[in-house]
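Okay, here's what each chain looks like letter by letter:
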Amino acid sequence: MPTEELQHSRTTAPETTAGDDPLLRLQEASEPDDSIRFRTTTHADPITITGITVMCAKCSACRDWLVICDRRNQIFLRCRCAHEWHEPELSRADFEAMVGEGGQKYPSLDAVVRDAGYDGTLAGTYLPDDLDAGTCG
Ligand SMILES: [Zn+2]
């Protein structure tokens, strides 16, 4: 009965095409167990890293930041011109410290970008506070 065995093995060949998309699997693996992917806070003051004041490469802003902490505890900075970048020198501890200084915590990145005015509509406008506007340390 060799032919019968051959047919049998053919029909039970594992179906690897469906449901085996590596991209899909990656998406499922990175699916958050809670709804919060990012935590963000606003930071009106300049941020200094190892003695150097952080400045936006696009609009030269040096304060009035949106600080974003993602699920991997990576810190991103975003300025009013909507330029956003990863800042590897900052850690989650720095983020928590900025929240502790009176920053407001937001549950969603989209919400804060829109509601706090970091979508680019306020590019170049810096909210008045007790700092000398335009000085960059
Ligand atoms: Zn900018």
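Criteria and thresholds
- Every chain is numbered on its own, with residues counted from 1 as its sequence reads.
- It should be noted that, the model being predicted, local features are given only for residues of pLDDT at least 70 and side-chain atom pairs only at 80 or more, the latter also being counted only at that level, while totals for whole chains, interfaces and linings use all residues.
- Water and hydrogen atoms play no part in the side-chain values, which are based on all heavy atoms of the structure.
- For Na, K and Ca the donor cut-off is 3.2 Å, and for all other metals it is 2.8 Å, counting N, O and S atoms only; because water is absent from this set, sites may look incomplete.
- Geometry is assigned from the angles between donors: four donors with all angles from 85 to 135 degrees make a tetrahedral site, four or six donors whose opposite pairs exceed 155 degrees while the rest stay between 65 and 115 make square planar or octahedral sites respectively, and everything else is labelled irregular.
- Residue exposure (1.4 Å probe, protein chains only): buried if accessible area is under 20% of the type maximum, exposed if over 50%, otherwise partly exposed.
- Ring pairs are drawn from Phe, Tyr and Trp, using the six-membered ring of Trp, whenever the two centres fall within 6.5 Å, and their geometry is named by plane angle: stacked under 30 degrees, edge-to-face over 60, tilted for the rest.
- Ring-over charges, as used throughout, are those where CZ of Arg or NZ of Lys falls within 6 Å of the ring centre and within 35 degrees of the ring normal.
- Runs of H or I in DSSP of at least four residues are treated as helices and runs of E of at least two as strands, each being numbered from the N terminus.
- At least two DSSP bridges between two strands are needed for those strands to be called paired.

Around the zinc ion, the protein supplies C56 (SG), C59 (SG), C79 (SG) and C81 (SG) as donor atoms, at distances of 2.0 to 2.3 Å. Each of the 4 donor atoms bound to the zinc ion contributes to angles spanning 102 to 116°, and the resulting shape is tetrahedral. Residue C81 is classed as partly exposed on the basis of its relative accessible area, which comes to 23%.

Attention now moves to the packing of aromatic side chains. Enumeration over the complete set of coordinates arrives at 1 aromatic pair. Seen from the ring of Y118, R80 lies directly overhead, with NZ or CZ sitting 4.0 Å from the centre.

Further remarks concern the pairing of strand β5 (residues 75-78). Each regular strand shows side chains that alternate between the opposite faces of the sheet. Across the two faces of β5 the burial is the same, with I75 and L77 and F76 and R78 all buried. Bridging between strand β4 (residues 65-70) and β5 involves 4 bridges; their strand directions are antiparallel. For V67, the partnering residue across the bridge sits in β5 and is L77. Once β4 ends, the chain turns through 4 residues before running back antiparallel as β5, passing N73 with a positive phi of about 65°. Here β5 pairs with strand β6 (residues 84-86) via 3 bridges, running antiparallel. Bridge assignment links F76 to a residue of β6, and that residue is H86. Connecting β5 to the next strand, β6, in antiparallel fashion are 5 residues, including A82 with a positive phi near 70°.

Coordinates in, geometry out; function isn't part of it.
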